Amino acid sequence: MDDPDDRRFETLAVSYGEHATPEDGPGDVVSPIHLSSTYALPGLDTDLSLEDVDPDRGEFVYSRLSNPTRHALERRLAALEGGETAFAFGSGTAAIASAVLSVAEPGDHVVAFDDLYAGTRRMFEGLIADQLHVDVEFVDATETDAVAEAVSAETALVWMETPTNPLMGLCDIEAIADISEDNGAIFGVDNTFASPAVQRPLELGADVVVHSTTKYLNGHSDSVGGALITDDPVVAEAVGFNQQIALGNMLAPFDSYLLLRGLKTLPLRMERHQSNARTIAEYLDDHPRVQDVHYPGLESHPQYDLAQRQMNGGGGILSFELAGEMADAKAFLEGLDEFTLAVSLGGVESLIEVPAAMTHEPIPREERLKIGISDTLIRVSVGIEHVDDLLADLDRGFAAMAEE
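Cut-offs and rules
Residues numbered from 1 in each chain as written. Predicted model: local features only at pLDDT ≥ 70, side-chain atom pairs only at ≥ 80, totals over all residues. Heavy atoms only, no water. Patch = residues over 30% accessible without salt bridge, like charges linked within 9 Å, V, L, I, M, F, W, Y side chains within 5 Å. Areas by Shrake-Rupley, 256 points an atom, 1.4 Å probe, with all protein chains shown as cover. Salt bridge = Lys/Arg side-chain N within 4 Å of Asp/Glu carboxyl O. Lys, Arg positive; Asp, Glu negative; His and termini not counted. Charge placed at Lys NZ, Arg CZ, Asp CG, Glu CD. Helix = DSSP H or I, 4+ residues; strand = E, 2+ residues; numbered from the N terminus. Phe/Tyr/Trp six-rings, centres within 6.5 Å; stacked < 30°, edge-to-face > 60°. Buried < 20%, exposed > 50% of the residue type's maximum accessible area, 1.4 Å probe, protein only. Axes fitted to C-alpha atoms, helices over the stretch in contact; angles between N-to-C directions. Parallel < 35°, antiparallel > 145°, perpendicular 65-115°, else oblique. Left-handed = near helix turned anticlockwise from the far one by under 90°. Contact = heavy atoms within 4.5 Å. Nonpolar A, V, L, I, M, F, W, Y, C, P; charged D, E, K, R; others polar. Pairing = 2+ DSSP bridges. Right-handed = clockwise from strand over helix to strand, strands pointing away.

Would you explain a negative patch on the surface in this entry?
A cluster of acidic residues, Asp-3, Asp-5, Glu-84 and Asp-231, forms a negative patch on the protein surface. Inspection of the secondary structure puts Asp-3 in the segment before helix 1 (9-15).

Would you explain the packing of aromatic side chains in this entry?
Two descriptors summarise a pair of aromatic rings, namely the distance from one centre to the other and the angle between the planes of the rings. Within the structure shown, the criterion is met by five aromatic pairs. On the numbers, 4.9 Å between centres and 55° between planes, the contact of Phe-332 with Phe-398 is tilted. Taken together, the residues Phe-332 in helix 11 (residues 326-334) and Phe-398 in helix 13 (residues 387-403) connect sequence positions 66 residues apart. In this structure, Phe-332 and Phe-398 share a single accessibility class: buried. Ring-pair connections join several aromatic residues into one group, and the members of that group are Tyr-283, Phe-320, Phe-332 and Phe-398.

What should I look at first to understand the packing of helix 3 (residues 92-103) against helix 4 (residues 118-129) in this one?
Geometrically, a packed helix pair is captured by the angle between its two axes and the distance between the axes. It is the contact of helix 3 with helix 4, at a shortest axis distance of 11 Å, that shows an interaxial angle of 45°. On the basis of the axis angle, helix 3 is oblique to helix 4. When you trace helix 3 past helix 4, the crossing you get is right-handed. Here Thr-93, Ile-96, Ala-97, Val-100 and Leu-101 of helix 3 lie close against helix 4, whose contacting residues are Thr-120, Met-123, Phe-124 and Ile-128. In terms of residue class, the contact of helix 3 with helix 4 is made up of seven nonpolar, two polar and no charged.

What is the right way to look at the pattern of salt bridges in this model?
Pairing is possible between side chains of opposite charge, provided their charged atoms come close. Taken as a whole and assessed by the stated rule, the structure comprises 18 salt bridges. Here Glu-18 makes a salt bridge to Lys-264, at a shortest N to O gap of 2.5 Å. Placement of Glu-18 in the loop between helix 1 and helix 2 (68-81) and of Lys-264 in the loop between helix 8 (253-263) and helix 9 (266-285) is noted, with a sequence separation of 246 residues between them. For Lys-264, a relative accessible area of 25% gives the class partly exposed. The salt bridge partner of Glu-59 is Arg-57, with a shortest N-O separation of 2.9 Å. Taking relative accessible area as the criterion, Arg-57 reaches 53% and is therefore assigned exposed.

What should I look at first to understand the pairing of strand 2 (residues 109-113) in this one?
Remark: a regular strand shows side chains that alternate across the two faces of the sheet. Judged by how many residues are buried, strand 2 sits mostly within the fold: five of five residues are covered. Two strands pair when backbone bridges link them, and strand 2 and strand 3 (residues 135-139) are joined in this way by five bridges, in the parallel orientation. Bridging from a neighbouring strand, Val-111 pairs with Glu-137 of strand 3. Traced from strand 2 through helix 4 to strand 3, the parallel crossover comes out right-handed. Alignment of strand 2 against strand 4 (residues 155-161), held across four bridges, turns out to be parallel. From the neighbouring strand, Ala-112 faces strand 4, where its bridge partner is Trp-159.

Looking at this structure, how should I read the sheet that holds strand 8 (residues 290-294)?
Where strands meet in a sheet, backbone hydrogen bonds hold them as pairs that are either parallel or antiparallel. Sheet architecture is open: five strands sit in the order 8-9-12-11-10, paired in mixed fashion. Only two strands of the sheet have a single neighbouring strand rather than two, namely strand 8 and strand 10 (340-341). Relative to strand 11 (residues 351-353), strand 10 is paired through two bridges, and the arrangement is parallel. Each residue of the ladder has a partner; that of Thr-340, found in strand 11, is Leu-351. Along the sheet, helix 11 makes contact with strand 9 (317-322), strand 10, strand 11 and strand 12 (377-381), crossing strand 9 at roughly 130°.

Sorry, what's going on with the sheet that holds strand 3 here?
The seven strands lie next to each other as 1-7-6-5-4-2-3, forming an open sheet whose pairing is mixed. Each end of this open sheet is capped by a strand with a single partner; those strands are strand 1 (85-89) and strand 3. Between one strand and the next, the sheet's axes are offset by a mean angle of 20°, whatever the strand orientation. Bridge count between strand 5 (residues 186-190) and strand 6 (residues 208-212): three bridges; the pairing is parallel. Bridge pairing in strand 6 places Asp-190 opposite Val-210. Here helix 2 sits on the sheet in contact with strand 1, strand 6 and strand 7 (226-230), set at roughly 125° to strand 1.

This is how it looks when you write it as structure tokens:
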């Protein structure tokens with residue numbers, strides 16, 4: 001296939017990685033789901049090693065190592081993020097774990113954003129630090145100076161998430177990439193909340209990008225998966241060994257097919273997600289029952305200028321602080337019809353949740369409050385429905401609060 005650099009993002013999302021010609025076979029416009037666990041070899045080659053097998057030449061040995069459907073997906077993921085190599089995993093958590101385990105060793109130093117997704121933070125604390133004896137230091141990465149002070153020549157990995165979950169905090173990817181490079185550290189970014197349609201960390205200097213593909217990349221709330229994309233050959237080799245050879249953690253063919261399908265509409269979906277989110281953020285920003293709105297696309301966001309520099313829009317997720325107590329939040333949520341009370345995000349439908357009682361409940365309350373996650377903080381994944389219907393539903397929620 002031609003170099004992806006000569007195509008625009010929207011075109012890559014539709015077809016890159018799965019174009020076939022009739023000479024190659026039936027000429028499938030859409031990649032079929034290859035369910036075979038093993039593949040016939042043309043003959044016995046005693047000089048052939050697994051490293052010599054190249055899926056780009058149509059060579060496959062065993063589906064754990066490479067599968068035609070998953071291979072097509074990984075080629076597209078790499079193209080969309082502007083990376084050289086991509087790997088598809090069974091979950092976003094698995095992708096993050098593979099990245100960390102491929103870079104950090106016992107005794108190493110890791111610097112991470114203090115406002116990470118609760119599951120990621122639990123991994124860093126309970127597995128990476130406590131069991132693997134890696135020194136993990138959490139910092140407020142919205143302040144680039146805090147990252148610079150923490151990173152040293154002993155730092156093996158710098159791990160960021162931007163925007164963060166659920167407070168929509170940003171870190172300066174380009175500046176932190178420079179800090180990491182100056183100290184010889186690998187720099188990884190969780191790009192799940194933005195998607196490559198909104199933000200491309202590799203182009204800003206990151207070495208590794210991960211996604212929970214469950215979210216925007218798939219976009220239909222019907223597949224769980226993860227992805228890691230890198231342009232660092234050393235990291236790619238380590239991740240390939242850990243994922244395929246040692247741990248065998250890969251995305252199943254059917255989920256690879258679903259993700260390929262979802263990616264085709266990613267650019268269009270993100271346009272609607274963002275326009276709806278912006279309208280809702282402005283509505284909430286003016287509402288008397290709302291104390292604060294966290295959305296990078298609002299000029300009131302403390303890092304609005306940074307968002308303008310490194311993002312193509314504000315994304316489709318926002319959070320806001322209700323005036324009141326948990327009982328008020330409960331009344332508000334139970335008054336909604338269009339927004340579904342559920343964890344996760346990035347699907348075509350609008351989802352809403354209370355992090356303190358749902359996604360971030362495992363974090364002790366004092367620690368949650370310290371990082372700004374109050375009992376009445378509401379996170380919204382804005383879908384692609386008609387925005388007027390979503391606004392009317394929010395009106396119903398606020399009316400239910402008033403009746404309490």
